[in-house]
Amino acid sequence: MSEKAALDFLNANHERFLEELKEFLRIPSVSTTEEHKADVQAAAEWVAANLRKIGAKNVQIFPTKRHPVVYGEIAAAKSAPTVLVYGHYDVQPPDPEEKWETPPFEPSIRGERLYARGASDMKGQVMASLKAAEAVANSGSPVNIKFIIEGEEEIGSPDLAPFIAEHKELLVADVCLNPDAGMLAPDLPTITYGLRGLAYFELYVYGPTHDLHSGVYGGVVHNPAQAIAELIAGMHDKDGRITLPGFYDKVLPLSEEERAALADLPFDPEKFYLEQTGVPKLWGEPEYTPIERTGARPTLEINGLYSGYIGKGAKTVIPSYAMAKISCRLVPKQDPAEVAEQLRAYLEANAPDTIRWELKVMDGAPASIVNLDQPAVKALAKAMEQTWGRGPVYRREGGSIPVVGQMQEILGLESVLTGFGLPDSLIHAPNENLHLPTWRKGMEALVRFFYRFAEG
Ligand code: BES
Ligand code: MN
């Protein structure tokens, strides 16, 4: 068992790892629509094959109602602790495709970055974990490593909770390593301790039975596009607070202690968000800082809007319906099902009687907070310090990863959350990319993590 040999192995095989990552990225494993079902399956098989290649045993592909879960394990001595590594091989849709400089499923390197859908979220992180495991396995792993790699994270992991409940024995571990979060900057290794939850909806507003000539009927029917805009506009007050009845009832106040810790991050959040987004000015609840607003406050967002004629040129029409995709990021204690009722109550109180409406509730997940006072966090912090020359910053992230709460609830298993994507890795957006030098350091950090965790 030699840490040095494992780190040397990473160096000696780096080019091959990069080629393997590109191969993985060429599979368009978009989980959202039926269209890519076969590709999602192909990605599962690719992961299983890679697990076998790195010497994993008991490799299995478990079908679920939608997309399969891939499992495999690398054994060390019986007395060694066990790390369960979580990952997902599904990706977000590449839309809008015309905004990509190179096609989303043809990985391409420009400068220090590899561009492809899933590069940072999270095929790159899955590969970093697999390759770190391969490196330690090659010289006799100091820890038992189990992999659970799913294909439904980007749709809210709807079939993962039942899978976990049915395979409690298989998943027994001392900690779950989850590299699906990110880091703040290439020189700031990051451990995430909080994630927001999600409640997701489609709101349909129906007007006339068919599209109407806007000259012939304009002035007598309430245009559904206008009606949905009015409803949406009322969901926030002028300070950015959400108006759904009861929405903040369970939201916990931030302690002064945590506010101080969050204010202490080694960078300027105002500047950071302006730079990352290109907006002329930030927006949101004035009494909270941007870090608090993205990490520890709930939100309501419009993720998509559809109505009427959206092709080129003019078409004079009153559309028969309008639709909005709406999601709320939730903080601990908020329940996605209760938020659905709050949205319904808002609509009942505010929808005009000139239209009909329908709310579709989609899969969501509660927020999660992970315990920072656990050996795996100390081990990862040490590994990061040895890799970057400085210890990690600890932060709450605004994104959601349903498995973290599912494992706490079903297995009583804590996670340690990290990742090697950067704020400008453009996850869920066109030109998603992976900063390769950071990816390489991430692999090293994971190798060191396995050794530090084994030392206890
Ligand atoms: N990797 C992200 C979550 C994330 C993003 C964590 C940024 C930390 C920082 C994950 O793949 C993701 O996008 N999840 C979805 C989950 C949802 C569909 C339940 C999300 O947050 O939108
Ligand atoms: Mn992800």
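Residues numbered from 1 in each chain as written. Chains lettered and ligands numbered in written order. Predicted model: local features only at pLDDT ≥ 70, side-chain atom pairs only at ≥ 80, totals over all residues. Heavy atoms only, no water.

*Asks:* Hey, could you run me through the packing of helix α1 (residues 3-12) against helix α14 (residues 436-455) in this one?
*Replies:* Helix packing geometry: the angle between the two helix axes and the distance between the axes. Relative orientation of the contacting elements α1 and α14 amounts to 160 degrees, with a least axis distance of 10 Å. Looking at the two axes, α1 sits roughly antiparallel to α14. You can see that α1 and α14 cross each other, and the crossing is right-handed. Contacts between α1 and α14 pair Glu3, Ala6, Leu7, Leu10 and Asn11 from the former with Arg440, Met443, Glu444, Val447, Arg448, Tyr451 and Arg452 from the latter. (Axes fitted to C-alpha atoms, helices over the stretch in contact; angles between N-to-C directions. Helix = DSSP H or I, 4+ residues; strand = E, 2+ residues; numbered from the N terminus. Parallel < 35°, antiparallel > 145°, perpendicular 65-115°, else oblique. Left-handed = near helix turned anticlockwise from the far one by under 90°. Contact = heavy atoms within 4.5 Å.)

*Asks:* Which parts of the structure should I look at to understand the nonpolar core?
*Replies:* Here is a general trend for soluble globular proteins: nonpolar side chains tend to be buried in one another's company. Counting 67 residues, the largest nonpolar core has Phe147, Trp439 and Phe449 as the members making the most contacts within it. Apart from residues lying up to four places away in sequence, Trp439 is in contact with His14, Phe17, Leu18, Leu21, Gly124, Met127, Ala128 and Leu434. Ile148, Leu262, Ile291 and Val403 belong to the second largest nonpolar core, which has 30 residues in total. (Core = buried A, V, L, I, M, F, W, Y, C linked by side-chain atoms within 4.5 Å. Buried < 20%, exposed > 50% of the residue type's maximum accessible area, 1.4 Å probe, protein only.)

*Asks:* What is the right way to look at the side chain of Ser129 in this model?
*Replies:* With respect to the helices, strands and loops of the structure, Ser129 is situated in helix α4 (residues 119-138). Those residues in contact with Ser129, other than ones at most four positions away along the chain, are Val85, Phe147, Pro179 and Leu446.

*Asks:* Would you take a moment to explain the site of ligand 1 for this structure?
*Replies:* Around ligand 1 lies a shell of 16 residues, among which Asp121, Glu153, Asp180, Arg329 and His428 are the nearest. Between ligand 1 and Glu153, the relevant distance is 2.7 Å, taken from an oxygen atom to a side-chain nitrogen or oxygen of the residue. In the complex, the protein chains occlude 90% of the 520 Å² of accessible area that ligand 1 would expose alone. (Near = heavy atom within 4 Å. Polar contact = N/O pair within 3.5 Å; in protein donor to acceptor, adjacent residues only side chain to side chain. Areas by Shrake-Rupley, 256 points an atom, 1.4 Å probe, with all protein chains shown as cover.)

*Asks:* What am I meant to see in the packing of α1 against helix α2 (residues 14-25) here?
*Replies:* The interhelical angle for the contact between α1 and α2, taken along N-to-C directions, is 60 degrees, at an axis separation of 5 Å. The segment α1 lies against α2, with Phe9, Leu10, Asn11 and Ala12 engaging His14, Arg16 and Phe17. Considered class by class, the residues forming the contact of α1 with α2 number four nonpolar, two polar and one charged. (Nonpolar A, V, L, I, M, F, W, Y, C, P; charged D, E, K, R; others polar.)

*Asks:* Where do I start with the sheet that holds strand β4 (residues 108-110) in this structure?
*Replies:* By way of backbone hydrogen bonds, the strands of a sheet pair with one another, either parallel or antiparallel. If you trace the three strands from one edge of the open sheet to the other, you get β4-β5-β18, paired in antiparallel fashion. Looking at the sheet topology across the chains shown, the edges are occupied by β4 and β18 (433-435). Each adjacent strand pair in this sheet contributes to an overall mean axis angle of 25 degrees, direction not counted. In this structure, strand β5 (residues 113-115) lies alongside β18, joined through three bridges in antiparallel fashion. If you follow Arg113 over to β18, its bridge partner there is His435. Packed onto the sheet, α2 meets β4, β5 and β18 and runs at close to 25 degrees relative to β5. Relative to the sheet, α14 contacts β4, β5 and β18, its axis offset from that of β18 by approximately 65 degrees. (Pairing = 2+ DSSP bridges.)

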